[in-house]
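Observations on the model geometry
The primary structure of each chain is shown beneath.
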Amino acid sequence: MNIDSLSGYEFEELVCNLLRKMGLDAEQTPLSGDGGVDIIAYSNEPLFRGKYLIQCKRYSSSVGEPVIRDLYGTVLSQNATKGIVVTNSFFTKQATSFADGKNIELIDGDELGKLLCKY
């Protein structure tokens, strides 16, 4: 499968299915009015219990800090456990620096490939 050839919605479906295979209860949000959140996932497992907000970015270039900053604001306002940005690409240094030490996780194309192989 060539992830780069998927539409944005197909990429979201791929990530949502991956999260389900990982044991999360995951649902895609409506295409419009999602507040920047593409998938909402829940875990009821001890130690991992909580609400996870996922944003999917199928990009041909690197994902920058504004995307991370926006998701972080949404995580705080919705009192979510963690925000996760998943991309087929990479993150800029500024994006990585902003996420450092916050309840934000960045999954780049390399890490996504590993997860898809594992699950």
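Basis of the calculations
Residues numbered from 1 in each chain as written. Predicted model: local features only at pLDDT ≥ 70, side-chain atom pairs only at ≥ 80, totals over all residues. Heavy atoms only, no water. Helix = DSSP H or I, 4+ residues; strand = E, 2+ residues; numbered from the N terminus. Rg over C-alpha atoms; globule rule 2.2 N^0.38 Å. Buried < 20%, exposed > 50% of the residue type's maximum accessible area, 1.4 Å probe, protein only. Contact = heavy atoms within 4.5 Å. Areas by Shrake-Rupley, 256 points an atom, 1.4 Å probe, with all protein chains shown as cover. Lys, Arg positive; Asp, Glu negative; His and termini not counted. Charge placed at Lys NZ, Arg CZ, Asp CG, Glu CD. Phe/Tyr/Trp six-rings, centres within 6.5 Å; stacked < 30°, edge-to-face > 60°. Lys NZ or Arg CZ within 6 Å of the ring centre and 35° of its normal. Salt bridge = Lys/Arg side-chain N within 4 Å of Asp/Glu carboxyl O. Core = buried A, V, L, I, M, F, W, Y, C linked by side-chain atoms within 4.5 Å.

Notes on the overall build of the protein
When helices and strands are counted, the protein shows 4 helices and 5 strands. Helices and strands appear in the protein in the N-to-C order α-β-β-β-α-β-α-β-α. Against the 2.2 N^0.38 benchmark of 14 Å for 119 residues, the protein shows a C-alpha radius of gyration of 13 Å, consistent with a compact globule. Projected onto the principal axes, the alpha-carbon positions of the protein cover approximately 35 × 30 × 30 Å. Buried positions account for 40% of the 119 residues belonging to the protein. Within the protein, counting contacts between residues at least 6 apart in sequence, those at least 24 apart form 48% of the total. On the protein, roughly 6,800 Å² of surface is accessible, and the fraction owed to carbon and sulfur atoms is 49%. Treating the 12 positive side-chain charges of the protein as one cloud and the 16 negative ones as another, the clouds have centres 4 Å apart.

Some points on the side chain of Thr 87
Locating Thr 87 in the fold gives a position in strand 4 (residues 82–87). The exposure class assigned to Thr 87 is buried, which follows from its relative accessible area of 0%. Here Thr 87 is in contact with Phe 11, Lys 57, Tyr 59, Val 63, Ile 107, Asp 108, Gly 109 and Leu 112, once residues within four sequence places are set aside.

Observations concerning the packing of aromatic side chains
Using the criterion set out here, one finds 1 aromatic pair in the structure. Pairing Tyr 72 with Phe 98 gives two aromatic rings, centres 5.8 Å apart and planes at 80°, and the pair type is edge-to-face. With a gap of 26 residues between them, Tyr 72 in helix 2 (residues 65–77) and Phe 98 in helix 3 (residues 93–99) connect regions that are remote in the sequence. By the burial criterion, Tyr 72 is buried, and Phe 98 matches it. Sitting above the plane of the Tyr 72 ring, Lys 102 keeps its charged end 5.8 Å from the centroid. Lying across the ring of Phe 98, Lys 102 places its NZ or CZ 4.2 Å from the centre.

Re the pattern of salt bridges
A full pass over the atoms with the stated rule returns 3 salt bridges. A salt bridge links Arg 20 to Glu 27, with the nearest nitrogen and oxygen atoms 3.8 Å apart. What makes Arg 20 partly exposed here is its relative accessible area of 38%. The salt bridge partner of Glu 65 is Arg 69, with a shortest N-O separation of 2.2 Å.

A short note on the nonpolar core
Counting 19 residues, the largest nonpolar core has Phe 11, Val 15, Leu 19, Ile 39, Ile 54, Val 86 and Leu 112 as the members making the most contacts within it. Those elements that place two or more of their residues in this core are helix 1 (8–21), strand 2 (39–43), strand 3 (50–57), strand 4 and helix 4 (109–118). With 6 residues, helix 1 is the single largest residue contributor to this core. Ignoring any residue separated from it by four or fewer positions in sequence, one finds Val 86 in contact with Phe 11, Val 15, Ile 54, Gln 55, Cys 56, Lys 57, Ile 107 and Leu 112. By size, the runner-up hydrophobic cluster in this structure holds 15 residues, among which are Leu 53, Ile 68, Ala 80 and Phe 91.

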